[in-house]
There are 2 protein chains.
Amino acid sequence: MPLLRPRGLHLPIEQAGQADRSANTRTGIEKMTKNKTDRPAPVTTPQGGAANALYQAMIGGAGPEATGWAGPLHFPVPRRRGEKVLILGAGVAGLTAAYELSLLGFDCTVLEAQNRVGGRNRTARKGDKLYELDDVTGEPVHTHTCRFDDNMYLNLGPGRIPYHHRRVLKYCRDFKVALEPYVMETTANLVRPPHLEKTLPNRRVANDTRGYLAAKLAETLAETDSFTGELRDLLRVFGALDVNGKYKGSTRSGYLDDPVIEEPFPTPAPPLPFEELVESGFWKARFYQPVDYLWQATMFQPAGGMDKVVDALAREARLAGAEIVLQAEVTDIRLETKGPGVTVQYLKGGKECEARARYCVSNIPVPLLDDDIELDGFSDAFEKAIGIVEFAKTCKVGWQANRRFWEGDLDGIHDTEGIYGGISWTAHNITQLWYPSNDYFSAKGTLTGAYNFGDQADELGNLSPDDRIELAREGAAQLHPEFADRSVVPDDKAVTIAWHKVPYQEGGWADWKQSRKDHKEAYRQLLQPEGGDVFYVTGDQISPLPGWQEGAMMSAHYVTQQILGIMPLSVPEVVSVPDSVALTQGLF
Amino acid sequence: MPLLRPRGLHLPIEQAGQADRSANTRTGIEKMTKNKTDRPAPVTTPQGGAANALYQAMIGGAGPEATGWAGPLHFPVPRRRGEKVLILGAGVAGLTAAYELSLLGFDCTVLEAQNRVGGRNRTARKGDKLYELDDVTGEPVHTHTCRFDDNMYLNLGPGRIPYHHRRVLKYCRDFKVALEPYVMETTANLVRPPHLEKTLPNRRVANDTRGYLAAKLAETLAETDSFTGELRDLLRVFGALDVNGKYKGSTRSGYLDDPVIEEPFPTPAPPLPFEELVESGFWKARFYQPVDYLWQATMFQPAGGMDKVVDALAREARLAGAEIVLQAEVTDIRLETKGPGVTVQYLKGGKECEARARYCVSNIPVPLLDDDIELDGFSDAFEKAIGIVEFAKTCKVGWQANRRFWEGDLDGIHDTEGIYGGISWTAHNITQLWYPSNDYFSAKGTLTGAYNFGDQADELGNLSPDDRIELAREGAAQLHPEFADRSVVPDDKAVTIAWHKVPYQEGGWADWKQSRKDHKEAYRQLLQPEGGDVFYVTGDQISPLPGWQEGAMMSAHYVTQQILGIMPLSVPEVVSVPDSVALTQGLF
């Protein structure tokens, strides 16, 4: 049975196409979409009606052509003046919910434990202090302070926006967050495979492999009936094969030498031996991650740092009336027994405070809700579910380089790298090295010097910050000898973060596994509010896109719709859980 | 025998490492490259010495590791005050030669037939008048005027800079021409194959094809000894195969539907049938051009238009002392018989003028040198050579759209395109549709609505501008129905150019063919000056990169070195000619 899906979020509750939407034309709440003559008109429904009836009508109206994005949130009034919402955590989902619910007339207060908004959306800048939980005491300790130059920055959390993450793109556009292309891959990037002590350029590995595979297929098909002229021609162009269907190298892999005037027909770089490519295991070093949908071009990044997104969300949420209270650490959440409502206790400046509300939206990482917060009045099923979800370990290291040596020496006589953005992949613990997709050709730059997962994140995270930086330097120097030079890439301008040790985060993303039946049950449970319609979990943790801001926004929209009563509170059936590995690390 | 190559252009003529280079530290003439301890030191040579001896020394010093780029021009004084150079044509090569030779102390005058610099480097803006040669009379006629909105622009000639075109990148950096990424391909781009009446998204065509080919190879290898576990694993990741080595579709091809909260495991778009892909002939529509080296990421474009490059070159050439005379149409070039020198006659404001110089560098398209200009004192071999070179036909159409519909409707409820840059390919006459790689998410945009070659350029160029625009609209509407709406994409804001009919250009690039023996002879001949050391041909037309600005600059540097005497005037051996098709249109 196909899963029921709400499609008509653009529908007004009151009167389709009739309600005065003048209050809704500001940023975030949209004007009604104009119908296009060549496309099916949006479904309209009778005015009023219970949420469930509307929901059913909406589902029924979504014809087979109405696939894809359900559109931005698109609510009419009624404005819910005076109905109070407590939002726990000012991450992307919390801020999104605060913004949307405030626009709808709810009285929103966000309690944020840290001294900044954004959660894992964090951009390191000069003077930023980094904290991690002490291995022994479990208490937060100051590990180091970012010492980048003025105006230098590096994203420690999310760093890129896929072109199909339309919620993020829409908020950026509406809130005037300038976007620039994030280059995921350039053929000048490098790969350091697991079973070969060499650093190879992307263009040679990618195109020689492609050529050999095409030639091998041409060879094996040569004697068969299925080898039509068309298929032969496809393989020739696909793999840059010669007229005999052999792969003898291609300029796709670059030139042997840069062309010169007197030898104007370029010689291809000699092909890497196929056996060496296969033995190297290069593809196990995530070489093909850029082929996966989430990382396909065109990707974007906010100019000036990813935190521009959360800064804008917080600004707009406040403008819409939300209050954001920083350094307010939630300790207790109690669902009322006498009627719908919630009481939240929190520490603020050493004092115990209390807040009450009709609704509560929790953007707190689920494992922390389980471990660190006293819950009262929650169902056993919910308490069980939050005990099941785990967060993934992941680390990053950030460098400031005083010279953009990876871009190459335009003034020099030697071969130069020509790396403008993208990622080099390595079997070393650091896993990957990101080059800046901004301020090309300028003097200095910041690089992501490690971004790893699983055991490698565990290993790196167990080291002291200094030792992490030392290990990351070793891994980077295998790709670029310049990393061995501390005057070019200084130690004191490096930063590092082990997200699984960061206070109030304790992980990179919810680590959902398809194979786990209890994950399926937990995911379904967490979509349903507690206390009837009072308490909601939000965040990328409870979305199809763990680790992605789009998932956080999608979840915040979902919860907003549940509170409005236009999305059911119970989930009819859940057929799957997210695939956290594929969604955060690619297909391997 | 390997071709001799000069490698040491960074070497001073006078005293290696000794000469006072304070005069050379300005833009364009570089400081000596610092030796890196981990790389071979640059060759040094004894001071003084004849050019040929130096050249030989330089060659001898270039060890096997010193491959690749020979570095930027890197001359010492002697400054040649008073030695006059006439440069014919203010295209990229002419301007580059004017700049470099002026810096070296030559007295340079550039005679340019048109009322603007840049040649084929042309960016259309509001008010720009376009001229083409009348089919009957052969006279230039005003075809139309660009009516873009203020601040809108479109490159009619070169539109992108590969990351390995370091001469262009270096001039841009040195002359403060801001560069931004040019997106050559996004997986949201479309393809309209020759044998299928459908428009398909890049991500599905690319990844389904890749998956099927990998699965086919896995199947045919399954029974053989060569099918190791490693190769099986490579094919799995390469093609996104399932555990059985089958291709059943992949999210690399996108999702069936955008993921929703209640169904968090995305379903891949159903794979296109392999037979349909093969029958469609999609690869014949240049689908794989972005895989070729010249178009690999990261590409760049100047922010604000490609003519920023020639504007900067002209400004810097003037600052270095060059005079640029516009609307000076060369009619006669006479090599002196009494001593080394040249006399050039030209029309300026209806008057016949004359200029004399010690050297002459011609950036005039070779076919025009042959057809339109009276030559006196040139060798038979030269006159024969210029009669052999042909220029390629190529057309462009440019659109201004009043809405960036290809980027998609972030406010809407329907599926949206999400095309941010890149190129859609079609078997229609227009061949390709370029989306803007700048000002994403803004209100309006300009697109290259046709860029074609050969017969298709001939066909399009034979039409009137209005009819070209009509045909281009038809081709674009097959990709995007919005093109049929003249209120969205107005006729009166379209521009069109048939480069082979543009006065003083008459083509897109020199159409060198590997297969033609006479092309080999002509190419070699044109590298050698006439009148002893007096007259030089320059331009991308006589470089390994026809149609590319890098080739123009490379040629200008070559000629500059010939004039300086540090590059031989005769070419010892020419083993090849450029491959104009591969270098301008990709491998097909």
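Residues numbered from 1 in each chain as written. Chains lettered and ligands numbered in written order. Predicted model: local features only at pLDDT ≥ 70, side-chain atom pairs only at ≥ 80, totals over all residues. Heavy atoms only, no water.

Caption draft 1: Here's a closer look at the overall build of chain A. Of the regular secondary structure elements, chain A holds 14 helices and 22 strands. Split into buried and exposed, the 588 residues of chain A put 63% on the buried side. In chain A, of all internal contacts separated by at least 6 residues, the share reaching a separation of at least 24 is 71%. When the accessible surface of chain A is split by element, carbon and sulfur atoms take 48% of a total near 21,300 Å². (Helix = DSSP H or I, 4+ residues; strand = E, 2+ residues; numbered from the N terminus. Buried < 20%, exposed > 50% of the residue type's maximum accessible area, 1.4 Å probe, protein only. Contact = heavy atoms within 4.5 Å. Areas by Shrake-Rupley, 256 points an atom, 1.4 Å probe, with all protein chains shown as cover.)

Caption draft 2: Quick peek at the nonpolar core. If you look at the biggest cluster of nonpolar residues, it comprises 334 residues, and the most contacted ones within it are A:I333 and B:I333. With sequence-adjacent residues up to four places away left out, A:I333 is seen in contact with A:L88, A:V342, A:T343, A:V344, A:L369, A:I373, A:E374, A:L375, A:D376, A:F378 and A:F535. (Core = buried A, V, L, I, M, F, W, Y, C linked by side-chain atoms within 4.5 Å.)

Caption draft 3: Region of interest: helix α12 (residues 517-526) of chain B. Residues and elements named next belong to chain B. Here α12 has its buried residues at H519, A522, Y523, Q525 and L526. Down the axis of α12, the smallest arc covering the buried residues is 165 degrees, so these residues share one side. If you follow the buried residues of α12, they end up packed against α8 (366-371), α9 (380-388) and β22 (535-537). (Arc of directions from axis to C-beta.)

Caption draft 4: Fine view of the environment of B:E132. Residues and elements named next belong to chain B. Residue placement: E132 occurs in strand β4 (residues 129-133). Residue E132 is classed as buried on the basis of its relative accessible area, which comes to 3%. Remark: the alpha-carbon pair of E132 and E506, spanning 374 residues in sequence, is separated by 9.1 Å. Those residues within four positions of E132 in sequence are excluded, and the remaining contacts are E139, P140, V141, T143, R468, T496, I497, A498, K501 and P503. Of note is the side chain of E132, whose polar atom sits 2.7 Å from the side chain of R468. Within the structure, the side chain of E132 is placed 3.1 Å from the backbone nitrogen of A498, a separation counted as a polar contact. (Polar contact = N/O pair within 3.5 Å; in protein donor to acceptor, adjacent residues only side chain to side chain.)

Caption draft 5: Structural view of the pairing of strand β1 (residues 84-88) of chain B. Residue and element names in this part refer to chain B. Counting buried residues along β1, 4 of its 5 residues qualify, which places the element largely inside the surrounding structure. In the sheet, β1 pairs with strand β2 (residues 107-111) via 5 bridges, with the strands oriented parallel. Note on β2: the bridge partner recorded for K84 is D107. As a crossover connection, the stretch from β1 through helix α2 (residues 92-103) into β2 is right-handed. The sheet contact formed by β1 and strand β15 (residues 359-362) spans 4 bridges and is parallel. Each residue of the ladder has a partner; that of V85, found in β15, is Y359. (Pairing = 2+ DSSP bridges. Right-handed = clockwise from strand over helix to strand, strands pointing away.)

Caption draft 6: The arrangement of the sheet that holds β1(B) in detail. All names here are of chain B. Here we have 5 strands laid out as an open sheet, ordered β11-β2-β1-β15-β22, and parallel in their pairing. Each of the sheet's edge strands pairs with one partner strand only, and the pair in question is β11 (323-325) and β22. Strand after strand, the sheet turns through a mean of 20 degrees between neighbouring axes, direction not considered. (Axes fitted to C-alpha atoms, helices over the stretch in contact; angles between N-to-C directions.)

Caption draft 7: The arrangement of the sheet that holds strand β22 (residues 535-537) of chain A in detail. Residues and elements named next belong to chain A. Taken together, the 5 strands give an open sheet; going across it, the order is β11-β2-β1-β15-β22, and neighbouring strands pair in parallel fashion. The sheet is open, and its two edges are formed by β11 (323-325) and β22, each paired on a single side. Recorded for the sheet is a direction-independent mean angle of 20 degrees between the axes of neighbouring strands. Bridge count for strand β2 (residues 107-111) against β11 is 3 bridges, and the pairing is parallel. The residue of β11 that forms the bridge with V110 is I324. Strand contacts of helix α2 (residues 92-103): β1 (84-88), β2, β11 and β15 (359-362), with the helix running at about 165 degrees to β1, the strand carrying the most contacts. The strands that helix α13 (residues 549-564) touches are β15 and β22; relative to β22, the one it contacts most, it runs at about 160 degrees.

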